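Below, each chain spelled out in residue letters.
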Amino acid sequence: MKHLHLFESYRKSKLVPSNAQENFLYKAVHSEDGRYRRGSWGFDYSQDPPLVNVHGSVTIDKGRKTLSGLHFGKVTGSFNLNTQDFTSVKGFPTEIGGDLVIDGNPIGSLKDLPTKKVGRSFSARACGLTSLEGCPEEIGKNLSVELNRFTTLEGAPKIMSDDSEVRCYSRGRLGDLPLVSLEGLPPNLDPKNIKSVSSFPSLEGIPQGFLRDGYIMFKETGSWVPYYIKLDLEYSGKGFFTEEFILDKLDPMKIQKFIDEFPEKAIVMITPWAKTKKGSRYDGLRFPENLKGERDLLSDLGDIGL
C-alpha cells in the first residue's frame, strides 16, 4: 500500500503543470462576466492526459498558436480563440457551457475536436473546413459556419433547439463549389432560420429558397432523396456539383427505400426524373403494381410536356 501511494505521488508529480502552462492559464481564464475578473481552474488527474476543468471562460489571445500542451475538460463559460493562428483543435474542451468561437483560424478539419456539447452557440467561420464532420453533437443555440468550403452540412450537430439559427453561406472564393444541400441538419429547425446567402456580392450558388424547400421535404419524409432528384433535374451540368456527388446521393437502394416508404409521393416525384434515366442503373426500381395507372398517366403527361 505504501509503495502504491509513493507511485501515485510520483505519477502526479510528473503531471504538475509547467510554469509556462500556469502562465497560460493565468492569462486565458477569466470570469464568465468578463475579463476584468479572474476565473478558476483545476486538474483532473484521473484522466490521461489530465484535463483542465475551468469555472469561468477561456479566451486565447492573438499571437498564440497552441494550448501549451494542455487538454481541457469542462468549461462552464465560453471558449474563444481571439486569434487566427491555430491550426488544430486538439486539447479543446470536452464540454462548454457557453459559446465555442474559433472564427478565422485555419483549422481545416474538426475531426480531432473533442467537444461533444456546447451550451450556447458554435461559430467556426472561415476556418477552411471542407466538412462539418467532428462538429459538436449538441449545441444549445446557433450554428455559424459561413465562408467555409463544404457542399453539404453533413456532420452538423444532431441536437439543436427549435429556434436555433444556422448561418452556412459557403462560397467564399473562385474555385470553391457552393453549398448544394442542407443535409446534416436535424429535422426540428425552422427553415426560415437557415441562412445560406451572403450579405455581400458573391459568386452564383443554389438559391436559398431552393435549399430551404429541400429541407422542408426532408422534414416531411425523413429522406433527402426527393431533394436530390429535384436538384439533379434542375441543376445538373451547371457546375454546382460533380457527377460523382449526385450519383452517390441518388444511390438506387436509397431511392427504392423511399419508394417503399412513400409510394404515392414517389410516383409524383420520381416518375418524371426516372424517364430521363432509361438505360441506366435505375431501370430496376420497383413501384407498387396498384399505382401503375397513376405512374403511366404521369409518364404520358411528361411525354407531351405537361
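Everything that follows concerns the structure shown earlier in this document.
Thresholds applied
Residues numbered from 1 in each chain as written. Predicted model: local features only at pLDDT ≥ 70, side-chain atom pairs only at ≥ 80, totals over all residues. Heavy atoms only, no water. Pairing = 2+ DSSP bridges. Helix = DSSP H or I, 4+ residues; strand = E, 2+ residues; numbered from the N terminus. Axes fitted to C-alpha atoms, helices over the stretch in contact; angles between N-to-C directions. Parallel < 35°, antiparallel > 145°, perpendicular 65-115°, else oblique. Contact = heavy atoms within 4.5 Å. Salt bridge = Lys/Arg side-chain N within 4 Å of Asp/Glu carboxyl O. Buried < 20%, exposed > 50% of the residue type's maximum accessible area, 1.4 Å probe, protein only. Phe/Tyr/Trp six-rings, centres within 6.5 Å; stacked < 30°, edge-to-face > 60°. Lys NZ or Arg CZ within 6 Å of the ring centre and 35° of its normal. Lys, Arg positive; Asp, Glu negative; His and termini not counted. Expected span 1.5 Å × (residues − 1).

A. Broad picture of the pairing of strand β4 (residues 51-55). In terms of strand pairing, strand β3 (residues 40-44) meets β4 through five bridges, oriented antiparallel. Among the inter-strand pairings, Asp44 is bridged to a residue of β4, identified as Leu51. Two successive antiparallel strands, β3 and β4, enclose a turn made up of six residues. In terms of strand pairing, β4 meets strand β6 (residues 72-75) through two bridges, oriented parallel. When the bridges of β6 are listed, Val52 appears paired with Phe72.

B. How the structure looks around the packing of helix α6 (residues 252-261) against helix α7 (residues 263-275). Their axes nearest at 7 Å, the elements α6 and α7 cross at an angle of 140°. Classified by the angle their axes make, α6 and α7 are oblique. The segment α6 lies against α7, with Ile255, Phe258, Ile259, Asp260 and Glu261 engaging Pro263, Lys265, Ala266, Met269, Ile270 and Trp273.

C. Seen up close, the pattern of salt bridges. For the structure shown, the criterion picks out nine salt bridges. The closest approach of N and O atoms between Asp163 and Lys141, which form a salt bridge, is 3.1 Å. In this pair, Asp163 is assigned in the loop between β13 (143-144) and β14 (166-167) and Lys141 in the loop between β12 (138-139) and β13, connecting sequence segments 22 residues apart. Accessibility expressed as a relative area gives 44% for Asp163, which makes it partly exposed. Several salt bridges share partner residues, and in doing so they unite Glu154, Glu183 and Lys249 into one network.

D. Layout of the packing of aromatic side chains. Evaluation of the coordinates by the stated rule reveals 16 aromatic pairs. On the basis of an interplanar angle of 45° and a centroid distance of 6.4 Å, the ring pair of Trp224 and Tyr228 is categorised as tilted. Each member of the pair Trp224 and Tyr228 is classed as buried. Judged by centre distance (6.0 Å) and plane angle (45°), the ring pair of Phe241 and Phe245 falls under tilted. For Phe241, a relative accessible area of 12% translates into the label buried. The exposure class of Phe245 is buried, given its relative accessible area of 14%. Members of the aromatic cluster, connected to one another through ring pairs, are Phe210, Tyr215, Phe218, Trp224, Tyr227, Tyr228, Tyr235, Phe240, Phe241 and Phe245. For Arg38, the ring lying beneath its charged end belongs to Tyr26, and the centroid distance is 4.2 Å. A cation sits over an aromatic face here: Lys238 above Tyr235, 5.2 Å from the ring centre.

E. Structural context of the side chain of Arg212. In this fold, Arg212 is placed in helix α3 (residues 208-221). Lacking a salt bridge, the buried Arg212 has Asp190 as its closest oppositely charged neighbour, with an N-O distance of 7.5 Å. For Arg212, the residues in contact, after removing those within four places along its chain, are Leu182, Pro191, Lys192, Ile194 and Lys195.

F. The arrangement of α3 in detail. If you check α3, its first and last C-alpha atoms are 20 Å apart, about what 14 residues at 1.5 Å a residue would give, namely 20 Å. For α3, every residue scored as buried is listed here: Gln208, Phe210, Leu211, Arg212, Gly214, Tyr215, Met217, Phe218 and Thr221. Buried residues along α3 sit against β15 (194-195), α4 (225-235), α6 and α7. Of the residues one or two after α3, Gly222 is the one with positive phi, at around 75°.

G. The arrangement of the sheet that holds β3 in detail. Read across the sheet, six strands follow the order β3-β4-β6-β8-β10-β12 without closing on themselves; strand pairing throughout is mixed. Unpaired on one side and paired on the other, β3 and β12 mark the two borders of the sheet. With two bridges connecting them, strand β10 (residues 117-118) and β12 associate as parallel partners. If you follow Lys117 over to β12, its bridge partner there is Glu138. Along the sheet, helix α2 (residues 19-28) contacts β3, β4 and β6; its crossing angle with β3, the most-contacted strand, is approximately 140°.

H. Quick peek at the sheet that holds strand β9 (residues 100-101). Read across the open sheet, the nine strands follow the order β2-β1-β5-β7-β9-β11-β13-β14-β15; overall the sheet is mixed. Looking along the sheet, the strands with just one partner apiece sit at the ends: β2 (34-38) and β15. Here three bridges tie strand β5 (residues 57-60) to strand β7 (residues 79-81), and the two strands are oriented parallel to one another. The residue of β7 that forms the bridge with Ile60 is Leu81.

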